[in-house]
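Spelled out, the chains give:
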Amino acid sequence: MREDASPDGNAWESFSHDQARSRAYQWGEDGLAGISDDRQLLCFAMALWNGKDPIIKERLFGLTNGEGNHGEDVKEYYYYLDSTPTHSYMRYLYKYPLNAFPYAELVAVNQARSRYEQEYELIDTGIFDGNEYCDIQVEYAKASPDDILIQITVHNRSTQAASLTVLPTLWCRNTWAEGGNAKPLIKALPGESGEASLHATHPVLGDFVLHCQEADELLFTDNETNTEVVFQQPNQFPYTKCGINRYLVHGETAAVNPSKQGTKASAIYNLSIGANDSSTIKLRLTRSTLESQGDSAYYVFDQILDRRKQDCDDYYSRVMPAGFSAEQKLVFRQAVAGMLWSKQFYNYDITPWLQQRGVDPLGIDKEQGFRNQQWHHMTNCDVISMPDKWEYPWFAAWDLAFHASTFAYIDPTFAKGQLSLMLSSQYLHPNGQIPAYEWNFGDVNPPVHAWATFLVYLTDASLNGHADHQWLKESFHKLLINFTWWLNRKDANGDNVFQGGFLGLDNIGIFDRTESPEMGGQLEQADGTAWMALFAQSMVQISLELVRKDETYREYPAKFMRHFLSIAHAMVNRNASESMWDEEDGFFYDVFRRNDGSSTRLKVRSMVGLIPLCAVHSFEQDVLEMIPELGDLLTDFQAKFPDQCSFFHDIGLRGYANRHLMSALDETNFRRVLKIMLDPDEFLSDYGIRSISKRHESEPYRFVCDQQEFVVRYLPAESDSGLFGGNSNWRGPIWMPVNFMIIRSLIVYFCYYGKDFKVEFPTGSGKLANLYEIAEQLAHRLVSIFTRNSEGLRPVFGSQQTFQNDPNWKDCLLFYEYFHGDNGAGIGASHQTGWSGLVINLTNYFSVNTQERLLERGPRNLAPHGRHGDE
């Protein structure tokens, strides 16, 4: 949990890791392998102590933005290895050093390094040399929704015996400090045959028992802030959040409650484990009944655990396509596990948050402009798929759209619910804007929500055998509002050329794209305009689907077709001064229009210029037969604007199987963009499509404004600038979501142009391939980041030999935020399975869809087929 107690969004500094063990959270909790109920009132997690660390290991450690040479970064090794969609079985692995954790060294070395150097990682400290560590595996297995078996297995990887204290911990989130809520209680429950139990009574949840088989001791304190430590003020409570840490590490017996009760409690297991041996702890968290209070908690423990493991195996055998290799199965299964483990309770009520900072949520005077003030309607209290639960423990709108497109394979109901959240009255602004992310809800993410909505709708229908027409209808109404917001707020001159700022691509621009007014002009964004073209196309798709059952929606396909035609014309308008399309280069660029009327194409070869390729939609001839007015619209537009229509693809042209295509690129320009994109000296890497052309490695782009020079060069790994915190880089690396969109677009083009449309692939090779073959090869390159190559190495692990070769590391995968543009090594947030989990879609899609099948069924069916589920 990254709790923001700051006025300026500097959450890490305002509530530090060092404070976290002593300071009660208000909004949410954290912990190793932690679980909670869906309102996070009662929490369970594991804590550890090796007898050498200065603190108990209760939570993950990482660097703040100011401490890391590339921004914030977690400095731990933990893995999400297994989970079913219902969480009936879950498995987690944490690697805990037996020697003192190098907290100070990690901070000092990283702070001393420049942005031009690599990050200093935990494994670089030598802490794992000689295998001086323990693998701690945590498994959860449900006997029923309110009855959870917990097994903690500690593997000593050292050649020497090891002592380790394990602290399974049960606690209540502090919901009583602000008043109005009754305080819960956890107390010791006597048992027989050496069993110890924790009994939790919560005013909302009721009673639960944590059975702690053969625990050495039970310790109790309260989840209250130690104000003496944190704020240098006298404590109001005798027992505080850090009480168990003070007792165990410092021997302060007065720090824990001798009456064996409180709101936080730990069972103590002092383990002595032989060399290369293991020890197991069994616990059971269950709703309290007369039956659950006896000694029967462990009678069928092993049988239930084994049954849930088998259920998990059976689930994956159903959902994975036949013919998967062992490597593909490993990637698929751990990617799904990462997605499922990355769900988190997200709690953020803006009005009291503002009031606690002395800001009137409705004020319009001196407080105007305070961060998120205009979002006082938001009351978030939901389980949401996080981008990365350590580095990005909050939702981001466009990330979530990609999460949902993957969750649709696993749990379509959850996927639909996630998309619906962003359109609900608790999230969607009354003016129609979708909130971007926690730091600034008013920022702008790419408008991919409509595209994701239709993809999830099709996937759900394909897997479950029936279409959720009502959900699509409800979503469409809200998306109408959001589309209108974009038209009114992000098309400054009303000419269908859109802005939006950074639009999720962080440092891809020459300067911070949110600051173009400060640069003395306005930025016309090729990606922002293309995303709006895709938005319009998606609304055409959705409205066509709705009109098949409800004539009320008959006018909407034509409405959004008009929007698309206008946007497509604006994108490639050769009559405009410095339009986004560069006829000489055959590529799209942002255009900077100065206040004095002059303009400049910012000729950086970047993903900004490839996103227009992604704005494509194909539909069948029967659509024009069902709604003839669409054909009339196209004919009328062609007659009135013949010159303008010649700039982009003629929708009236029939392709394979008489299909029609909506695209800003006609065939000639489409081939020109593909030639650049598929050039190894430009965008094509062995591991996908780079975010910036490799040509800028030797030819940096330079731009001068007000005597200040801005330079963009190809950087395949970390960023060398502090833009957007410096912890992400869109100037060279490979990013999974935009690669996924490119692959998706190639399949749509393939369904229109057919097998005989071929281009050189790679550019300069002399070899020709059709669009399906190119899409399939790009998907293979992306998946190969995680699979072993001919040398037995996984590119995602880079040159780190322990990760590559050690049997206890090499099959534990991490799904990073982005990947090295030349060698595929993982970079950035290490657990961003959220959108790097799109590898699930890629491994599955080309396993079940052949060229013939796609040409027969058409692009509308870009979804899996067949029913599967977690029973």
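Quick caveat, the model's predicted, so the values are computed rather than measured. (Residues numbered from 1 in each chain as written. Predicted model: local features only at pLDDT ≥ 70, side-chain atom pairs only at ≥ 80, totals over all residues. Heavy atoms only, no water.)

> So what exactly am I meant to see when it comes to the overall build of the chain here?
Along the chain, the regular secondary structure elements total 25 helices and 33 strands. Taken against the 2.2 N^0.38 rule, which gives 29 Å for 871 residues, the C-alpha radius of gyration of the chain at 28 Å falls within 12% of a compact globule. The principal-axis extents of the C-alpha atoms in the chain amount to approximately 90 × 60 × 55 Å. Out of the 871 residues in the chain, the part that is buried amounts to 64%. Summing over all exposed atoms, the chain offers an accessible surface of approximately 31200 Å²; the carbon and sulfur share of this is 46%. If the 76 positive side-chain charges of the chain are averaged to one point and the 113 negative ones to another, these points end up 3 Å apart. (Helix = DSSP H or I, 4+ residues; strand = E, 2+ residues; numbered from the N terminus. Rg over C-alpha atoms; globule rule 2.2 N^0.38 Å. Buried < 20%, exposed > 50% of the residue type's maximum accessible area, 1.4 Å probe, protein only. Areas by Shrake-Rupley, 256 points an atom, 1.4 Å probe, with all protein chains shown as cover. Lys, Arg positive; Asp, Glu negative; His and termini not counted. Charge placed at Lys NZ, Arg CZ, Asp CG, Glu CD.)

> Honestly, the state of the cysteines in this entry has me stumped. Any pointers?
Covalently bonding the sulfur atom of one cysteine to the sulfur atom of another cysteine gives a disulfide. Using the criterion set out here, one finds zero disulfides in the structure. Looking at the unpaired cysteine 212, the closest cysteine sulfur is the one in cysteine 172, lying at 14 Å. Overall, cysteine 212 belongs to the buried group, its relative accessible area being 0%. The thiol of cysteine 381 is unpaired, and the distance to the nearest cysteine sulfur, on cysteine 43, comes to 12 Å. With a relative accessible area of 38%, cysteine 381 lands in the partly exposed category. (Disulfide = S-S within 2.5 Å.)

> Even after reading the chapter, I still don't get the packing of aromatic side chains, so can you show me in this structure?
How two aromatic rings sit relative to each other is set out by the distance from centre to centre and by the angle between their planes. As enumerated under the stated definition, the model contains 73 aromatic pairs in all. Pairing phenylalanine 592 with phenylalanine 703 gives two aromatic rings, centres 6.1 Å apart and planes at 85°, and the pair type is edge-to-face. A residue pair is termed long-range when its members are at least 10 positions apart, and phenylalanine 592 in strand β22 (residues 590-594) and phenylalanine 703 in strand β28 (residues 701-705) qualify at 111 residues. No difference in accessibility class separates phenylalanine 592 from phenylalanine 703, as the two residues are buried. Pairing phenylalanine 803 with tryptophan 809 gives two aromatic rings, centres 5.3 Å apart and planes at 25°, and the pair type is stacked. By relative accessible area, which is 9% here, phenylalanine 803 ends up buried. Exposure remark for tryptophan 809: the relative accessible area of 1% places this residue in the buried category. Joined through ring pairs, the aromatic side chains of Trp27, Tyr346, Tyr348, Trp353, Phe370, Trp375, Phe395, Tyr427 and Phe441 make up one cluster. (Phe/Tyr/Trp six-rings, centres within 6.5 Å; stacked < 30°, edge-to-face > 60°.)

> Where do I start with helix α5 (residues 243-250) in this structure?
Note: α-helices contain 3.6 residues per turn, so residues at a spacing of three or four share the same orientation. All buried positions along α5 are accounted for by Gly243, Ile244, Asn245, Leu248 and Val249. Each element contacted by the buried residues of α5 is listed here: β2 (42-49), β9 (162-172), β13 (217-221) and β15 (264-273). Backbone geometry just downstream of α5 places glycine 251 in the positive-phi region, at approximately 70°. (Contact = heavy atoms within 4.5 Å.)

> What is the right way to read the sheet that holds strand β19 (residues 521-524) from this model?
Two pairing modes exist for strands in a sheet, parallel and antiparallel, and in both the strands are linked by backbone hydrogen bonds. Reading across from one edge, β19-β22-β23 is the order of the three strands in this open sheet, with antiparallel pairing throughout. With one partner strand each, in any of the chains shown, β19 and β23 (599-602) form the two edges of the open sheet. Each strand of the sheet is rotated relative to its neighbour by a mean of 20°, with strand direction disregarded. Relative to β23, β22 is paired through four bridges, and the arrangement is antiparallel. Looking at β23, one finds that aspartate 590 is bridged to leucine 602. (Pairing = 2+ DSSP bridges. Axes fitted to C-alpha atoms, helices over the stretch in contact; angles between N-to-C directions.)

> Help me understand the sheet that holds strand β7 (residues 133-144), please; the structure alone is not making it clear to me.
Spatial ordering of the open sheet is given by β5-β6-β7-β8-β16-β12-β11-β10-β14, a layout of nine strands whose pairing is antiparallel. Looking along the sheet, the strands with just one partner apiece sit at the ends: β5 (78-83) and β14 (261-262). Packed on one face of the sheet, helix α6 (residues 301-319) meets β5, β6 (89-97), β7, β8 (147-156) and β16 (278-287) and runs near 90° to β7. In this fold helix α7 (residues 326-341) packs onto β5, β6 and β7, with an angle of close to 100° to the strand it touches most, β5.

> Sorry if this is basic, but what is going on with the pattern of salt bridges here?
Where charged atoms from two side chains of opposite charge come close, those side chains can pair. Evaluation of the coordinates by the stated rule reveals 49 salt bridges. The residue aspartate 38 makes a salt bridge to arginine 39 at a minimum N-O spacing of 3.8 Å. Overall, the relative accessible area of 52% leaves aspartate 38 in the exposed class. Across the salt bridge formed by glutamate 252 and arginine 246, the nearest N and O atoms sit 3.1 Å from each other. (Salt bridge = Lys/Arg side-chain N within 4 Å of Asp/Glu carboxyl O.)

> What is the right way to read the pairing of β8 from this model?
The side chains of a regular strand alternate between the sheet's two faces. The buried count for β8 comes to nine of 10 residues, which makes it a mostly enclosed element. Where β7 meets β8, 10 bridges bridge the pair, whose relative direction is antiparallel. Counted as the bridge partner of lysine 142 is isoleucine 148 from β8. Inspection of the sheet shows β8 paired to β16 by nine bridges, in the antiparallel sense. Across the sheet, the residue bridging to isoleucine 150 is leucine 283, located in β16.

> What should I look at first to understand the confidence of the model for the chain in this one?
Interpretation of the predicted coordinates at a detailed level should be avoided for regions scoring low in pLDDT. Per-residue confidence for the chain gives a mean pLDDT of 93, with 96% of residues at or over 70. Taken as a whole, residues 865-871 scores under 50 in pLDDT and shows 21 contacts with residues more than four places along the chain or in a different chain. (pLDDT = per-residue confidence, 0-100.)

> How do you make sense of the packing of helix α14 (residues 556-572) against helix α17 (residues 628-640) when you look at a structure like this?
Geometrically, a packed helix pair is captured by the angle between its two axes and the distance between the axes. At a minimum axis separation of 10 Å, α14 and α17 run at an interaxial angle of 30°. In terms of orientation, α14 lies roughly parallel with respect to α17. Along this stretch, α14 crosses α17, giving a crossing that reads as right-handed. For the pair α14 and α17, contact is made by Pro557, Ala558, Met561, Arg562 and Leu565 and by Leu630, Leu633, Leu634 and Phe637, respectively. Of the residues assigned to the contact of α14 with α17, the class counts are eight nonpolar, no polar and one charged. (Parallel < 35°, antiparallel > 145°, perpendicular 65-115°, else oblique. Left-handed = near helix turned anticlockwise from the far one by under 90°. Nonpolar A, V, L, I, M, F, W, Y, C, P; charged D, E, K, R; others polar.)

> Could you clarify how one ought to interpret the side chain of aspartate 806 in this entry?
Take aspartate 806: it is sitting in the loop between α22 (801-805) and β32 (818-819). Buried charged residue aspartate 806 carries no salt bridge. Nearest counter-charge: lysine 95, at 6.3 Å.

> How should α14 be read in this particular structure?
Over its 17 residues, α14 runs 25 Å from end to end, which matches the ideal 24 Å to within 8%, given 1.5 Å per residue. Among the 17 residues in α14, 13 count as buried, and that is most of the element. (Expected span 1.5 Å × (residues − 1).)

> Just to check I follow, could you spell out the pairing of strand β11 (residues 196-202) for this structure?
Counting buried positions over the seven residues of β11 gives six, a clear majority of the element. Summarising the sheet, strand β10 (residues 185-189) and β11 pair through five bridges and their orientation is antiparallel. Within β11, the position partnered with isoleucine 186 by the bridge is alanine 200.

> Looking at this model, I keep getting lost on the side chain of serine 693. Mind explaining?
Within the secondary structure, serine 693 is located in the loop between β27 (688-689) and β28. Judged by relative accessible area, which is 0%, serine 693 ranks as buried. Among the polar contacts listed, one links the side chain of serine 693 to the backbone nitrogen of arginine 695, at a separation of 3.1 Å. Once residues within four sequence positions are removed from consideration, serine 693 is found in contact with Arg605, Asp681, Glu682, Phe683 and Tyr714. (Polar contact = N/O pair within 3.5 Å; in protein donor to acceptor, adjacent residues only side chain to side chain.)

> Would you take a moment to explain the nonpolar core for this structure?
The biggest cluster of nonpolar side chains holds 232 residues, and the ones touching the most others in it are Phe670, Leu674, Ile742 and Leu771. Each residue touching leucine 771, except ones within four places of it in the same chain, is listed here: Phe670, Leu674, Leu746, Tyr749, Phe750, Tyr753 and Phe757. Counting 54 residues, the second largest nonpolar core, distinct from the first, contains Tyr92, Ala162, Leu170 and Trp390. (Core = buried A, V, L, I, M, F, W, Y, C linked by side-chain atoms within 4.5 Å.)

> Quick question: what am I supposed to make of the environment of phenylalanine 619 here?
Positionally, phenylalanine 619 belongs in strand β24 (residues 616-619). Phenylalanine 619 gets classed as buried once you look at its relative accessible area, which sits at 5%. Sequence-wise, phenylalanine 619 and leucine 661 are 42 residues apart; in three dimensions their C-alpha atoms are separated by 6.6 Å.

> How do you make sense of the environment of valine 209 when you look at a structure like this?
Looking at where valine 209 falls in the secondary structure, it is placed in strand β12 (residues 206-212). Taking the C-alpha atoms as reference points, valine 209 and phenylalanine 483, separated by 274 residues in sequence, lie 50 Å from one another. Discounting chain neighbours no more than four positions away, the residues touching valine 209 are Leu189, Ser197, Leu198, His199, Arg284, Leu285, Thr286 and Ser288.

> So what exactly am I meant to see when it comes to the environment of aspartate 596 here?
Among the secondary structure elements, aspartate 596 is positioned in the loop between β22 and β23. Aspartate 596 gets classed as exposed once you look at its relative accessible area, which sits at 62%. Counting along the chain gives 270 residues from aspartate 596 to alanine 326, while the straight-line C-alpha distance between them is 62 Å. Within the structure, aspartate 596 has its side chain in polar contact with the side chain of serine 598 (distance 2.7 Å).

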